[in-house]
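Below, each chain spelled out in residue letters.
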Amino acid sequence: MSRETLLQVRNLALDRGGVPVLDVPELDLRAGEVLALMGPNGAGKSSLMLSLAGLFAPTHGELSFKGTPLRSRADREAFRRRTTMVFQDPLLFDATVAQNIESGLKLRGLSAAERAPRVQDWAQRLGLGALLQRPAHQLSGGEAQRTALARAFVLQPELLFLDEPFSSLDSQTREDLIEDLGRLLAETGTSAVLATHDQSKAARLAHRLAVMKEGRILQLGGLREVMNHPEDPFVATFVGMETLLKGQVLSCQDGLLSLRLRKGPADRELVAIGEAQPGQTVLIGVRPEHVALSLQTDNTSSARNAFPGAVTKVIPRGPFSKIELDCGFFLAAYVTPQSLSELDLRPGRAIVAAFKATAVHVIRTEGLDTEL
Amino acid sequence: MDLIWEGLRKALELLLRLDPEVLRITWLSLKVSGIATLISVVLGLGLAVLMALNEFPGKRLVIALVNTGMGLPPVVVGLFVTVFLWRNGPLGFLGILYTPAAIILAQAVIATPIIAGLGLAALQHLPPGLRLQILSLGATRPQMVWLLLKEARLPLLAAVMAGFGGVISEVGASIMVGGNLKGSTRVLTTATVMETSRGNFDVAFALSFILLILAFGVNALLTHLQQRGRRS
């Protein structure tokens, strides 16, 4: 993407009550992109978001919007008139849906005649056409958050901030809204920053992903890049690689690594895709959705890695179950309810876990020798 | 019992006859307490907004003081205002002791902490993120304050009612700084005290009824404003 930089962050630091909560040396938002900020609660997503949105004045550092630095309160106020934010709670006014949707336009000085068609348009686009005269306090959670989205989109913001806008909704409503949001962002080409605390579908609206921890951005990159090539064990766990293993490289040929695992019996060898020097220690990750379970070793499959082991735990997770295994090392797998009953998975059950060499992600090749 | 019935009959008669002295007292009560409440709304809400939106050292102490002020005994306020307005007191040069202005001043001192304290509670009860949400919609600071006050209008009007109720019904401060002077500083409460002490229960009854009707009327008006457009 070679598009212009919309918002530029340099050496941003935020202290609250003398405690540093944010330290972001560099961050650039590009026009037209959706950037997701991901991290556990307390990682600093909201603080970063509020700083980016001109709602918190940074302790140090500088933000500039389209090349213009935001230094004074007046700068930030002018910036806020070109952007807007949707929060976790809809935070609607005690007024009708229509009055809520038009509130930002009114604050920005648009006349009633200018407001009316835009309010109509966005109410329709968010499926609120029939609810315009309804008082906000009578709305369901989903309707309220739709109203909040309409109130934001109607402003045609140059940059839209979304701070976990779906996390207080039930899962079905959340799915629907994420879908709608994705459509609206694409249709309008709105640049957005989206904070989310899990690697939920919401993160998949993003072009780029920043994983945060303790006020810092650990990794920033394209969605697939971060999901598949986490640079750090924390990021790996966070993007859903539940199994992280350390291994020593035995050989490396044509991008195919042969590894011996540090834990477990000495004969546990594993094949992975990646580049490393023989003798080096590497950290590898395996996503649970890439691990297949069977009752015996299946020689016809393309899975290069197969390990006999035993089930230690079965954890139901909505549409599927997470199985924890002991194969001399820890391994996690997702299975469907069908497999669960067919393989009779329960703690103690002997099983073979298999995954392809392409399912193994080499996360880090440096700094591990000293740590071990 | 006869005393009560006789009192009620006389009261009704005074009311229906539109006794000029009674009308004047009523009008003065309404005017004095109304102006005092208005002053208190401006000062009290201003204070409430400042306390709600700003962090400063000693904030808790200020809030504790305001909350204590909500229960200021009118006689204590009367004493202090009298001393301040006394000929050689700090505000003696104003020369307003024993005038309606003195009663307004005393009543404003009584109502301001009530409106500030309840107003602060009303503002603090708003969702914590609302302020940021309003700003992110593009509000200037004054627009943000206005919207917050509008969002808190129900409890804020209750605060105004409490303030008005506090001053229209108080007697201690009015009598001390006003002096219950006929034709000048006599208000409903001070007149009621005086007539009762003289044994003129009928007139006292009449005045009390008017006071109740007045309090009811003003609160009914405020309640109407408060509940307007609110259907559940």
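Residues numbered from 1 in each chain as written. Chains lettered and ligands numbered in written order. Predicted model: local features only at pLDDT ≥ 70, side-chain atom pairs only at ≥ 80, totals over all residues.

A.B. asks: Mind showing me how you'd approach the overall build of chain B here?
C.D. replies: Each helix and strand in chain B was counted, giving 11 helices and zero strands. Listing each helix as α and each strand as β along chain B from the N terminus yields α-α-α-α-α-α-α-α-α-α-α. Counting only C-alpha atoms and orienting by the principal axes, one finds that chain B spans roughly 65 × 55 × 25 Å. Burial statistics for chain B: of 232 residues in total, 40% are counted as buried. Intrachain contacts of chain B at a sequence separation of at least 6 include 76% that bridge at least 24 residues. (Helix = DSSP H or I, 4+ residues; strand = E, 2+ residues; numbered from the N terminus. Buried ≥ 20, exposed ≤ 12 C-beta atoms within 10 Å, placed from the backbone. Contact = placed C-beta atoms within 7 Å.)

A.B. asks: Sorry if this is basic, but what is going on with the domain arrangement of chain A here?
C.D. replies: Interface size is commonly expressed as the accessible area that is lost once the parts come together. All names here are of chain A. Parsing chain A into structural domains produces domain 1 (5-234) and domain 2 (241-371). Each of domain 1 and domain 2 has a C-alpha centre, and the two are 38 Å apart. Taken together, the contact pairs six residues of domain 1 with seven residues of domain 2. Its residues assigned to classes, the side of domain 1 that touches domain 2 shows two nonpolar, two polar and two charged. (Domains from an automatic or database assignment. Nonpolar A, V, L, I, M, F, W, Y, C, P; charged D, E, K, R; others polar.)

A.B. asks: For this particular structure, what's the right way to read the pairing of strand β9 (residues 208-213) of chain A?
C.D. replies: On a regular strand, each side chain points to the face opposite its neighbour's, so the side chains alternate between the two faces of the sheet. Residues and elements named next belong to chain A. In this sheet, β9 lies alongside strand β3 (residues 34-38) in parallel orientation, the contact comprising four bridges. Across the sheet, residue Leu 37 finds its bridge partner in β9, namely Ala 210. Relative to strand β10 (residues 216-222), β9 runs antiparallel, the two sharing six bridges. By the bridge assignment for β10, Val 211 is matched with Gln 219. (Pairing = 2+ DSSP bridges.)

A.B. asks: Help me understand the packing of helix α3 (residues 97-107) of chain A against helix α5 (residues 141-153) of chain A in this model?
C.D. replies: Two quantities define a packed helix pair, namely the angle between the axes and the distance from one axis to the other. Residue and element names in this part refer to chain A. Direction vectors running N to C along α3 and α5 enclose 35°, while the axes themselves pass 7 Å from each other. Like other packed secondary-structure pairs, α3 and α5 cross with a definite hand, here right-handed. Along the contact surface, α3 presents Val 97, Asn 100, Ile 101, Ser 103 and Gly 104, while α5 presents Thr 147, Ala 150 and Arg 151. Its residues placed into classes, the contact of α3 with α5 shows three nonpolar, four polar and one charged. (Axes fitted to C-alpha atoms, helices over the stretch in contact; angles between N-to-C directions. Left-handed = near helix turned anticlockwise from the far one by under 90°.)

A.B. asks: Please explain the sheet that holds strand β14 (residues 281-286) of chain A as it appears in this structure.
C.D. replies: Pairing between sheet strands relies on hydrogen bonds along the backbone, with the strands arranged either parallel or antiparallel. All names here are of chain A. Spatially, five strands are ordered β13-β12-β11-β14-β20 in an open sheet, and the strand pairing comes out antiparallel. The two strands at the open ends of the sheet, each matched to only one other strand, are β13 (269-273) and β20 (360-364). Direction aside, neighbouring strands of the sheet carry axes that sit 50° apart on average.

A.B. asks: It is not clear to me how the interface of chain B and chain A should be interpreted in this structure. Could you clarify?
C.D. replies: Each partner contributes residues to the interface: chain B has 13 residues there, and chain A has 17 residues. Put simply, the parts of the chain that give the side of chain B that touches chain A at least two residues each are α6 (130-136) and α7 (141-151) of chain B. At five residues, α6 of chain B tops the list of elements feeding residues into the side of chain B that touches chain A. For the side of chain B that touches chain A, a count of residues per class yields six nonpolar, six polar and one charged.

A.B. asks: What's the story with the sheet that holds strand β18 (residues 330-335) of chain A in this structure? I'm lost.
C.D. replies: Residue and element names in this part refer to chain A. If you trace the five strands from one edge of the open sheet to the other, you get β15-β19-β16-β17-β18, paired in antiparallel fashion. Both edges of this open sheet fall to β15 (292-294) and β18, since each of them pairs with a single strand only. Recorded for the sheet is a direction-independent mean angle of 45° between the axes of neighbouring strands. Here seven bridges tie strand β16 (residues 305-317) to strand β17 (residues 320-326), and the two strands are oriented antiparallel to one another. Bridge pairing in β17 places Arg 317 opposite Phe 320.

A.B. asks: I would appreciate a short explanation of the packing of helix α3 (residues 59-69) of chain B against helix α5 (residues 100-124) of chain B in the present structure.
C.D. replies: Residue and element names in this part refer to chain B. Two numbers describe how α3 lies on α5: the axes approach to 7 Å, and their chain directions differ by 125°. Taken as axis vectors, α3 and α5 run oblique relative to one another. Regarding α3 and α5, the two cross each other, and that crossing is left-handed. Side by side, α3 and α5 meet where Ile 63, Val 66, Asn 67 and Gly 69 of the first sit next to Pro 113, Ala 116, Gly 117 and Leu 120 of the second. (Parallel < 35°, antiparallel > 145°, perpendicular 65-115°, else oblique.)

A.B. asks: Would you explain the confidence of the model for chain B in this entry?
C.D. replies: Interpreting fine coordinate detail is not advised for predicted regions of low pLDDT. Looking at chain B as a whole, its pLDDT mean stands at 92, while 98% of the residues score no less than 70. In the predicted assembly, ipTM is 0.83 and pTM is 0.84. (pLDDT = per-residue confidence, 0-100.)

A.B. asks: When you look at the environment of Gly 179 of chain B in this model, what are you seeing that I'm missing?
C.D. replies: Residue and element names in this part refer to chain B. Turning to its location among the elements, Gly 179 is positioned in the loop between α9 (172-178) and α10 (188-197). Classification of Gly 179 by C-beta neighbours within 10 Å gives partly exposed; the count is 18. Separated by 73 residues in sequence, Gly 179 and Ala 106 place their C-alpha atoms 13 Å apart. Beyond its immediate stretch of four places on either side in the chain, Gly 179 contacts Tyr 98 and Thr 185.

A.B. asks: Is there a simple way to think about the pairing of strand β19 (residues 350-355) of chain A in this case?
C.D. replies: Residues and elements named next belong to chain A. Pairing between β15 and β19: three bridges, direction antiparallel. Its bridge partner lying in β19, Ser 294 is registered against Val 352. In terms of strand pairing, β16 meets β19 through six bridges, oriented antiparallel. In the sheet register, Phe 307 faces β19, and the bridge partner there is Ala 353.

A.B. asks: Hey, could you run me through helix α4 (residues 74-85) of chain B in this one?
C.D. replies: Owing to its 3.6 residues per turn, the α-helix aligns residues three or four sequence positions apart on the same side. Residues and elements named next belong to chain B. If you check α4, its first and last C-alpha atoms are 16 Å apart, about what 12 residues at 1.5 Å a residue would give, namely 16 Å. Pro 74, Val 77, Gly 78, Val 81 and Leu 85 are the residues of α4 that are buried. The buried side chains of α4 occupy one side of the element, clustering within an arc of 100° when seen end-on. (Expected span 1.5 Å × (residues − 1). Arc of directions from axis to C-beta.)

A.B. asks: Mind showing me how you'd approach the environment of Met 176 of chain B here?
C.D. replies: All names here are of chain B. Mapped onto the secondary structure, Met 176 falls in helix α9. With 47 residues separating them along the chain, Met 176 and Thr 223 place their C-alpha atoms 32 Å apart. Leaving out residues up to four positions away in the same chain, Met 176 has contacts with Val 75, Gly 78, Leu 79 and Thr 82.

A.B. asks: Explain the nonpolar core to me, please; I cannot follow it from the model alone.
C.D. replies: Generally speaking, soluble globular proteins have nonpolar side chains that are buried together. With 171 residues, the main nonpolar core has Leu 37, Ala 333 and Ala 353 of chain A together with Ala 106 of chain B as its most contacted residues. It is α5 of chain B that contributes the most residues to this core, 16 residues altogether. Residues lining this core come from more than one domain, with at least three contributed by each of domain 1 (5-234) and domain 2 (241-371) of chain A. Excluding residues that lie within four positions of it along the chain, Ala 333 of chain A makes contacts with Pro 288, Val 291, Leu 293, Ile 323, Leu 325 and Ala 353 of chain A. (Core = buried A, V, L, I, M, F, W, Y, C linked by C-beta atoms within 7 Å.)

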